[in-house]
Amino acid sequence: MRLIVAWIYNSEMASLEPVYTRESLRGLDMARESPPPGRFPYTRGIYADGYRGKPWTMRQFAGFGTPRDTNRRYRALLQAGGTGLSVAFDLPTLMGRDPDHPLALGEVGKCGVSVVSLADMEALFDGIDLGAVSTSMTINSPAPMLLAMYLVVAERQGVPWTALRGTIQNDILKEFIAQKEFIYPPRPSMRLVTDIVAFCTESVPKWNTISVSGYHIREAGATASQELAFTLRDGIEYVQHAVDAGLEVDRFAPRISFFFNAHNDLLEEVAKYRAARRLWANVMRDRFGARDPKSWQLRFHAQTAGVSLTAQQPSNNVVRTAVQALAAVLGGAQSLHTNALDEALALPTEDAALLALRTQQILAHETGLTDVVDPLGGSYCIERLTTDLETEARRQFEVIDAMGGMVAAVEAGYPQREIAESAYRDQQAVESKARTIVGVNAFVASGHEPLETLHIDEAVEHEQRAALDRLRRERDDSRLELALQALKVAASGGENTMPRLLDAVRASATVGEMCDALRECWGEYTEVPII
Amino acid sequence: MSRIRVVIAKPGLDGHDRGAKVIARALRDAGMEVIYTGLRQTPEQIVTAALQEDADVIGLSILSGAHMHICPRIVDLLREHEMGDVVVVVGGIIPDADVPKLNAIGITGVFQPGTPMQDIVEFIRGRVKPGVRPDVRGDTVAKVE
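Bear in mind that the values here come from a model prediction, so they are computed numbers and not experimental data. (Residues numbered from 1 in each chain as written. Chains lettered and ligands numbered in written order. Predicted model: local features only at pLDDT ≥ 70, side-chain atom pairs only at ≥ 80, totals over all residues.)

### A few points about the overall build of chain A
Then step 1. Within chain A, the secondary structure is distributed over 22 helices and 11 strands.
Then step 2. Since a compact globule built from 531 residues should have a radius of gyration of about 24 Å, the 23 Å found for chain A is in line with a globular shape.
Then step 3. Counting only C-alpha atoms and orienting by the principal axes, one finds that chain A spans roughly 75 × 60 × 45 Å.
Then step 4. Taken across its 531 residues, chain A has 54% of its residues classed as buried.
Then step 5. Restricting to contacts in chain A with at least 6 residues of sequence separation, those with at least 24 account for 77%. (Helix = DSSP H or I, 4+ residues; strand = E, 2+ residues; numbered from the N terminus. Rg over C-alpha atoms; globule rule 2.2 N^0.38 Å. Buried ≥ 20, exposed ≤ 12 C-beta atoms within 10 Å, placed from the backbone. Contact = placed C-beta atoms within 7 Å.)

If you want it as structure tokens, here you go:
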């Protein structure tokens, strides 16, 4: 008898067996597909000693208000035992708009920190040694501009670029697919991605140049297998573009990392991470001919599912987050962000953010989970689900390859349509109560649980605009003009834009001005919405 | 009987359009005529779309925290264009404290996270009668053709 479970946790596994046995693995060569950890294709982990050798990095995504506000939060997180930084930028920064642009009205410092120019980036990392921390920056369309700012801050701190460790998200495909924070059309956008890959490979060798992200794809409504398939296919597209630009695969591929969602369905999530490692190793070896094992090894960051958090009974979110974090750890994540209980309502308060970090610390230090690598490996259920997810991803690769690759598929709206379909079906499952959400469509409580949330002062917008006015009055206009001209020449031709952006940053160009220079060259992208 | 016409809009810089698209489809499945404006629309563009489409309802999806800047602007623009009878509803991450403020400017449909689609469908059906529109203060007035 099959247990029919429709749309459990936004999973498309319409049926799971009530029990898995040796029979479930019939025909699978487990010695080849899931060898011990540290061996190709790394299904069970990229390191033989797992977390015994290196615990995961506890990297809490944070940013709000002015750079000074966020700098205080970073220092508090590092003080509390956080082991990496992760910058959340506000929407104007993410969209390459200065705080005085009409579209920035009401958005400055709200969803993240407002970073306008080099001075802001310096304030953000004031008192933090860039040679000692690893920093992740969630920025995509203006990724080269913000990376250039970070590099110039390091320069001013006297830290050589070769010592910098961190990650720039730089994943524009998932913006077109899911999160929609794009500026330029897909093809010039892909060229900017490749510019960062090429530049860092030469000059910032420990930097992770792309964080190929399934997180946002899942949040937009994708199922686990869609998240897996579209994300890995995005990864293939980036590698192909870099190879086409003349880069040698084993020189840049080891610095590509991944970023996955950690959702509610624990078994399926663990299988998803294992399938991702197996797929990437095979793709890199067989499709791209990579020979360095580091090119085969998929490293990933995980974040618990923001979309699973409920505004109702927010304390319940602590439990959801803990279970999701458990999935990420059982799946062998290299770094992890745990969401705070108040994030369905606002950016987290300091107390809520601290509890989220404590959740990870309890998992790491009190549960014994770090002692054994891939403890679910060999489970009939987990191995079966791993192979099923892998098979479905390969089928999607074929569909997208046949369309001419991911850029072409995005232009045709294919992944967008698939995700919108899944999102709608998920909502219908919630409405029909085929999927239960505690506190929302079942076990509803009357009245509100009181919760103090973070409020961003409107003064942030005025403060950032006033600082921008001062900057515009005080900087050397002719130096700035020359730098922006040189940037446009590079963008219009084939020259790497990174060195030109570094010069523009040193001349105090704003994010908006640098992005506008490229808007002049390439125009802006407007999508045809697919409902 | 004419169908209820709804403009679904995503103002501001945010691109998280899952909610906007899901509700657009739910309203369409409920028999309404739905026009989705796409991303990053200014208040002016949204009101122009509502005018051109002869909309009964404007549905805004705002998750970024900019709702107290955007919503009053849209209500003002509707009044300027003598479209005060268009029902404005907003969904997204709206803190409890802002709900009465939005109600006070005439936005009575404020849908916070977790709202069932059916509640939104019923709210709109309750406010918009075929050929008759309520104004933003809640008084029922004849639809001006």
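### Brief notes about the sheet that holds strand β2 (residues 33–36) of chain B
Residues and elements named next belong to chain B.
Then step 1. An order of β2-β1-β3-β4-β5 is seen for the five strands of this open sheet, with the pairing classed as parallel. Edge strands, defined here as strands with exactly one partner in the open sheet, are β2 and β5 (109–111). Taken over all neighbouring pairs, the strand axes of this sheet differ in orientation by 20° on average, direction set aside.
Then step 2. In terms of strand pairing, strand β1 (residues 5–9) meets β2 through four bridges, oriented parallel. The partner of valine 7 across the bridge, within β2, is isoleucine 35.
Then step 3. With respect to the sheet, helix α3 (residues 67–80) is in contact with β3 (57–62) and β4 (87–92), its orientation differing from that of β4 by roughly 170°. (Pairing = 2+ DSSP bridges. Axes fitted to C-alpha atoms, helices over the stretch in contact; angles between N-to-C directions.)

### Remarks on the packing of helix α10 (residues 224–244) of chain A against helix α16 (residues 380–402) of chain A
Residues and elements named next belong to chain A.
Then step 1. The geometry of α10 relative to α16 is characterised by a closest axis approach of 9 Å and an angle of 50° between their N-to-C directions. As judged from the angle between their axes, α10 and α16 are oblique. Read as a crossing pair, α10 and α16 show a hand that is right-handed. Along the contact surface, α10 presents Ala224, Ser225, Leu228, Ala229, Leu232 and Arg233, while α16 presents Leu389, Glu392, Ala393, Gln396, Phe397 and Ile400. (Parallel < 35°, antiparallel > 145°, perpendicular 65-115°, else oblique. Left-handed = near helix turned anticlockwise from the far one by under 90°.)

### Focus on the interface of chain B and chain A
Then step 1. Each partner contributes to the interface: chain B provides 28 residues, whereas chain A provides 32 residues.
Then step 2. Contributions of two or more residues to the side of chain B that touches chain A are made by α1 (18–29), α3 and α5 (117–127) of chain B.
Then step 3. In terms of residue count, the dominant contributor to the side of chain B that touches chain A is α1(B) (five residues).
Then step 4. Taken together, the residues of the side of chain B that touches chain A break down into 12 nonpolar, 10 polar and six charged. (Nonpolar A, V, L, I, M, F, W, Y, C, P; charged D, E, K, R; others polar.)

### With respect to the sheet that holds strand β11 (residues 335–337) of chain A
Residue and element names in this part refer to chain A.
Then step 1. Spatial strand order, β7-β6-β5-β4-β3-β11-β10-β9-β8: nine strands in an open sheet with parallel pairing. The open sheet is flanked by β7 (207–208) and β8 (210–213), the only strands paired with a single partner.
Then step 2. Alignment of strand β10 (residues 300–304) against β11, held across three bridges, turns out to be parallel. Within β11, the residue paired with histidine 301 across the bridge is serine 335.

### Some points on the packing of helix α6 (residues 143–157) of chain A against helix α8 (residues 186–203) of chain A
Residue and element names in this part refer to chain A.
Then step 1. Look at α6 against α8: their axes get within 10 Å of each other, and the N-to-C directions meet at 25°. Comparing their axes, α8 and α6 come out roughly parallel. Contacts from Ala143, Pro144 and Leu147 in α6 reach Leu192, Asp195 and Ile196 in α8.
Then step 2. For the contact of α6 with α8, the residue count by class is five nonpolar, no polar and one charged.

### Notes on helix α18 (residues 414–431) of chain A
Then step 1. With 18 residues, α18(A) should cover 26 Å at 1.5 Å per step; its first-to-last C-alpha distance of 26 Å lies within 8% of that length.
Then step 2. Among the residues making up α18(A), those that are buried are Pro415(A), Gln416(A), Glu418(A), Ile419(A), Ala420(A), Ser422(A), Ala423(A), Tyr424(A), Asp426(A) and Gln427(A).
Then step 3. Check the buried side of α18(A) and you find it contacts α7 (173–179), α9 (215–219), α10 and α17 (406–411) of chain A together with α1 and α5 of chain B. (Expected span 1.5 Å × (residues − 1).)

### With respect to the nonpolar core
Then step 1. By size, the foremost hydrophobic cluster in this structure holds 189 residues, and its most contacted members are Ile196(A), Ala276(A), Val57(B), Ile58(B) and Val90(B).
Then step 2. Discounting chain neighbours no more than four positions away, the residues touching Ile196(A) are Ala143(A), Pro144(A), Leu147(A), Ile168(A), Asn170(A), Thr209(A) and Met498(A). (Core = buried A, V, L, I, M, F, W, Y, C linked by C-beta atoms within 7 Å.)

### Description of the pairing of strand β9 (residues 256–262) of chain A
Residues and elements named next belong to chain A.
Then step 1. Most of β9 is tucked away: seven of the seven residues are buried.
Then step 2. Judged from the four bridges that link them, β8 and β9 form a sheet pairing that is parallel. By the bridge assignment, isoleucine 210 is partnered in β9 with isoleucine 256.

### Points about the confidence of the model for chain A
Detailed reading of predicted coordinates is not advised where the pLDDT is low.
Then step 1. Averaged over chain A, the pLDDT score is 95; the fraction of residues at 70 or greater is 97%.
Then step 2. A low-confidence stretch, residues 1–10 of chain A (pLDDT under 50), is modelled with 26 contacts involving residues beyond four sequence positions or located in other chains. (pLDDT = per-residue confidence, 0-100.)

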